[in-house]
Amino acid sequence: MSRTLDTPPRADALRKRRKPRAPFILLAPAVLLLLAALAYPVGWQIVTSMQRFGLAQQFGASAEFVGLGNYARLVTDPELWGVVLRSLAFCLVNALLTMAIGVLLALLMKAVPRPVALVLQVSLLLAWAMPVVAAMTVWRWLFDYQRGVINHLLTQLGFDFVGHSWLEQPLSFLFVATVVIVWMSVPFVAFSVYAGLTQVPDEVLEAAQIDGANSRQRFTGIILPMVRPVLALVLLLQLIWDLRVFAQIKLLQDAGGVPSETNLLGTYIYQVGVGSGDFGAASAVSMFVLALTVTLSWPYVRTLLREEQP
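Computed from a predicted model, the values in this text were never measured in an experiment. (Residues numbered from 1 in each chain as written. Predicted model: local features only at pLDDT ≥ 70, side-chain atom pairs only at ≥ 80, totals over all residues. Heavy atoms only, no water.)

Draft legend 1. Region of interest: the environment of Val-132. Among the structural elements, Val-132 can be located in helix H7 (residues 132-142). Exposure remark for Val-132: the relative accessible area of 32% places this residue in the partly exposed category. Taking the C-alpha atoms as reference, Val-132 lies 7.6 Å from Ala-247; in sequence the two are 115 residues apart. Contact partners of Val-132, with chain neighbours within four places excluded, come to Met-184, Ala-247 and Gln-248. (Helix = DSSP H or I, 4+ residues; strand = E, 2+ residues; numbered from the N terminus. Buried < 20%, exposed > 50% of the residue type's maximum accessible area, 1.4 Å probe, protein only. Contact = heavy atoms within 4.5 Å.)

Okay, structure coming up:
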């Protein structure tokens, strides 16, 4: 009789230990497609980073295998480490500013009446949907040293900005780049966080308000813990995107910036590869950026793995 009674619990335990196969089967085609799409470009980068690969090799000449020579040459290059430090600082500043403004806009969309929220959402969507080249054309005109609106407005306010070139000095160049990139990135953060905020039950917030919790306490004690997974994922994506930014920096450099003083990792790779014709060294820097991206992503991935463990 006792064996009969013990059978259902044991069956339940076996059922709990047995992982379902359906999710893995459904994910298999997407994983295989992703691996197939990444295998060639990543493999080509790895092989090329160990070769002396220049313009001659582009036209069919055999490439000389140099092993880790390109990596050793880059490690001793002070310009690369200056670019790395500049890129990390730029990435962190942009990501934190984007997150702060995006979260504030998401809270605003949740708090204002529906018609006002709709206008704000449409405005953000239009800014997000604007092509990069079109947006950069407008921003370059706004900060133009001769006909720029920014210089004109600052001059009207009493400051001496007649003929001021924002792109000539590295700090002001990076300030303009920060304004542009944050403006382009905020809509994604705002919409993502707003979607997370819609999942916070209004009953819980009302109960906390009745209990005497003010706005700050409701945000830090209820809203923030419930949307923390969304914030973590969006911050990770923002760090990756800001670390690999290229188009905005290159277009601003073409408008008057000094590449040697304003290069980030994306434009540095372009300069080494396309500009100097050293595609082997450019591939080595690309692999370094890939390793740096994985390093930045690892804390989030490790957190996910811990949450998946029973």
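Draft legend 2. Spotlight on the packing of helix H6 (residues 114-129) against helix H9 (residues 170-197). Packing of H6 against H9 brings their axes to within 8 Å, and their N-to-C directions diverge by 135°. Of the possible angle classes, the one that applies to H6 and H9 is oblique. Of the two elements, H6 crosses H9, and the hand of that crossing is left-handed. Where H6 approaches H9, its residues Arg-114, Gln-121, Leu-124, Leu-125, Ala-127 and Trp-128 are matched on the opposing element by Trp-183, Met-184, Val-186, Pro-187, Phe-188, Ala-190, Phe-191 and Tyr-194. Counted by class, the contact of H6 with H9 contains 12 nonpolar, 1 polar and 1 charged residues. (Axes fitted to C-alpha atoms, helices over the stretch in contact; angles between N-to-C directions. Parallel < 35°, antiparallel > 145°, perpendicular 65-115°, else oblique. Left-handed = near helix turned anticlockwise from the far one by under 90°. Nonpolar A, V, L, I, M, F, W, Y, C, P; charged D, E, K, R; others polar.)

Draft legend 3. Main features of the pattern of salt bridges. One pass over the structure, following the stated rule, counts 4 salt bridges. In this structure, Arg-52 engages Glu-64 in a salt bridge whose closest nitrogen and oxygen atoms are separated by 2.6 Å. In this pair, Arg-52 sits in strand E1 (residues 51-52) while Glu-64 sits in strand E2 (residues 64-65), placing the two residues 12 residues apart along the sequence. Take Arg-52: its relative accessible area is 49%, and that puts it in the partly exposed class. (Salt bridge = Lys/Arg side-chain N within 4 Å of Asp/Glu carboxyl O.)

Draft legend 4. Focus on the packing of aromatic side chains. Per the counting criterion, the structure on display carries 12 aromatic pairs. Ring geometry for Phe-143 against Trp-166: centres 5.4 Å apart, planes inclined by 75°, an arrangement best described as edge-to-face. Separated by 23 residues along the polypeptide, Phe-143 in the loop between H7 and helix H8 (149-156) and Trp-166 in the loop between H8 and H9 bring together distant segments of the chain. Note on accessibility: Phe-143 and Trp-166 belong to one class, buried. (Phe/Tyr/Trp six-rings, centres within 6.5 Å; stacked < 30°, edge-to-face > 60°.)

Draft legend 5. Focus on the side chain of Asp-77. With respect to the helices, strands and loops of the structure, Asp-77 is situated in the loop between helix H4 (69-75) and helix H5 (78-111). A distance of 2.9 Å separates a polar atom in the side chain of Asp-77 from a polar atom in the side chain of Tyr-268. (Polar contact = N/O pair within 3.5 Å; in protein donor to acceptor, adjacent residues only side chain to side chain.)

Draft legend 6. Summary view of a nonpolar patch on the surface. Taken together, the side chains of Leu-34, Leu-38, Val-42, Ile-46, Leu-290 and Val-294 make up a nonpolar region of the molecular surface, amounting to roughly 480 Å² of accessible area. Only helix H2 (22-48) and helix H15 (279-308) provide two or more residues apiece to the nonpolar patch. At 4 residues, H2 tops the list of elements feeding residues into the nonpolar patch. Note on placement: Val-42 falls in helix H2. (Patch = residues over 30% accessible without salt bridge, like charges linked within 9 Å, V, L, I, M, F, W, Y side chains within 5 Å. Areas by Shrake-Rupley, 256 points an atom, 1.4 Å probe, with all protein chains shown as cover.)

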